[in-house]
Amino acid sequence: MNSAGNNSVPRAGSALPWALVTPALGWTLLFFVLPFVAMGFSSLTAHEGGGFTLSNYSQFFTNPSYWQAMVNSLEVTAIVTVVSVLLAYPFAWILAEQVPERWQRLALMLAVLPFWTSYVVRSYSWLLVLAQNGVINRALTGSGLIAEPLQLANTRLATVTGFVHFFVMLLTLTIFANLKQLSPSYRKAAADLGAGPVRTFLHVILPLTLPGIMVGAFLTFVLCIGDYITPQILGGNNELLMPQLVMMQIGRRGDFPLASALSIILMAVVTVAYLACARWLKIERA
């Protein structure tokens, strides 16, 4: 009887974890796996009906405008990611090392204020700032530095500016969290071994905070390359990116199979980026 009672305990215990994760698994299955499978089947069908075909994928490689849209997306995303990292790291360093501990929460709250504003509102706000009659052009023309307003809106510069404004804060949070995890003993050990501030940063601090940088950079890459709103508002349709290309197939042509194929190709690019960064995408350290 004791053995039977003992055997029943592990079965009940092993069922509890599955009961806890079942809602999450069901949500993922219903709202991610099934739609993705449906999109995969759709990408293998012809627009006018018929059997399975790979023509939707072949169009991407044979149509120069489609391929250029992917190149444009990768270029914009790479620029945004690099600029955001270069701006976010010093900001996170100042918050973690220079701001007193009692003021850090307030500083972080002020840093995440852009997240409290609607994404659309932020994009239109930058459009007003960068417009020909916007704040920047008025200041430059009023000071006499330029005679004619600059074309700032509806350009790649405007798109990158809108993205960087948002993603700098995201990267700042991930890098800040990594910096706060570092023990002061690392710096003391480096100083005892004769390393100056620059060498300590390059050989100790930077490698240890690389996971935080890569996590933020990957999140920036994923959110930026799949964003439709900011390029649409700030880019002014002067440069075609992949999300806009997908929406064109749906809104103008009603070609859902081609839109599905382009979306899967975009997801494949994100997967490749994840595999390239996988070794650094770990919050925990040994």
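All values derive from a computational prediction rather than experimental measurement. (Residues numbered from 1 in each chain as written. Predicted model: local features only at pLDDT ≥ 70, side-chain atom pairs only at ≥ 80, totals over all residues. Heavy atoms only, no water.)

Take the packing of aromatic side chains next. Counted according to the given criterion, the structure contains twelve aromatic pairs. Consider the rings of F60 and F61, whose centres lie 5.0 Å apart with planes at 85 degrees: the pair is edge-to-face. Between F61 and W67, the aromatic rings sit 6.2 Å apart at their centres with planes inclined by 35 degrees, giving tilted as the arrangement. These aromatic residues form a ring-pair network of at least three members: Y119, F163, F166 and F167. (Phe/Tyr/Trp six-rings, centres within 6.5 Å; stacked < 30°, edge-to-face > 60°.)

For the pair helix α4 (residues 101-111) and helix α7 (residues 156-181), the least separation of the axes is 11 Å and the interaxial angle reads 155 degrees. It follows from the interaxial angle that α4 and α7 lie roughly antiparallel. As α4 runs across α7, the sense of the crossing is left-handed. Every residue of α7 that contacts α4 at E101, Q104, L108 and A111 is listed here: M169, L173, F176 and K180. Across the contact of α4 with α7, the residue classes break down as five nonpolar, one polar and two charged. (Axes fitted to C-alpha atoms, helices over the stretch in contact; angles between N-to-C directions. Helix = DSSP H or I, 4+ residues; strand = E, 2+ residues; numbered from the N terminus. Parallel < 35°, antiparallel > 145°, perpendicular 65-115°, else oblique. Left-handed = near helix turned anticlockwise from the far one by under 90°. Contact = heavy atoms within 4.5 Å. Nonpolar A, V, L, I, M, F, W, Y, C, P; charged D, E, K, R; others polar.)

Let us look at a nonpolar patch on the surface. A cluster of nonpolar residues, W27, L29, L30, F31, F32, V33, L34, F36, V37, F41, F52 and M267, forms a patch on the protein surface that exposes about 1,200 Å² of accessible area. Per-element accounting of the nonpolar patch gives the leading share, ten residues, to helix α1 (residues 2-43). With respect to the helices and strands, the residue F31 is situated in helix α1. On the accessibility criterion, F31 (49% relative accessible area) is partly exposed. (Patch = residues over 30% accessible without salt bridge, like charges linked within 9 Å, V, L, I, M, F, W, Y side chains within 5 Å. Areas by Shrake-Rupley, 256 points an atom, 1.4 Å probe, with all protein chains shown as cover. Salt bridge = Lys/Arg side-chain N within 4 Å of Asp/Glu carboxyl O. Buried < 20%, exposed > 50% of the residue type's maximum accessible area, 1.4 Å probe, protein only.)

Time to look at the nonpolar core. If you look at the biggest cluster of nonpolar residues, it comprises 32 residues, and the most contacted ones within it are V80, F167, I175 and L179. At the level of elements, α3 (64-98), α4, α7 and α9 (197-225) are the ones that each hand at least two residues to this core. It is α7 that contributes the most residues to this core, twelve residues altogether. Excluding anything up to four places from it in sequence, I175 contacts A88, Y89, A92, G212 and I213. If you look at the next biggest cluster of nonpolar residues, it comprises 20 residues, including M70, L258, L266 and V270. (Core = buried A, V, L, I, M, F, W, Y, C linked by side-chain atoms within 4.5 Å.)

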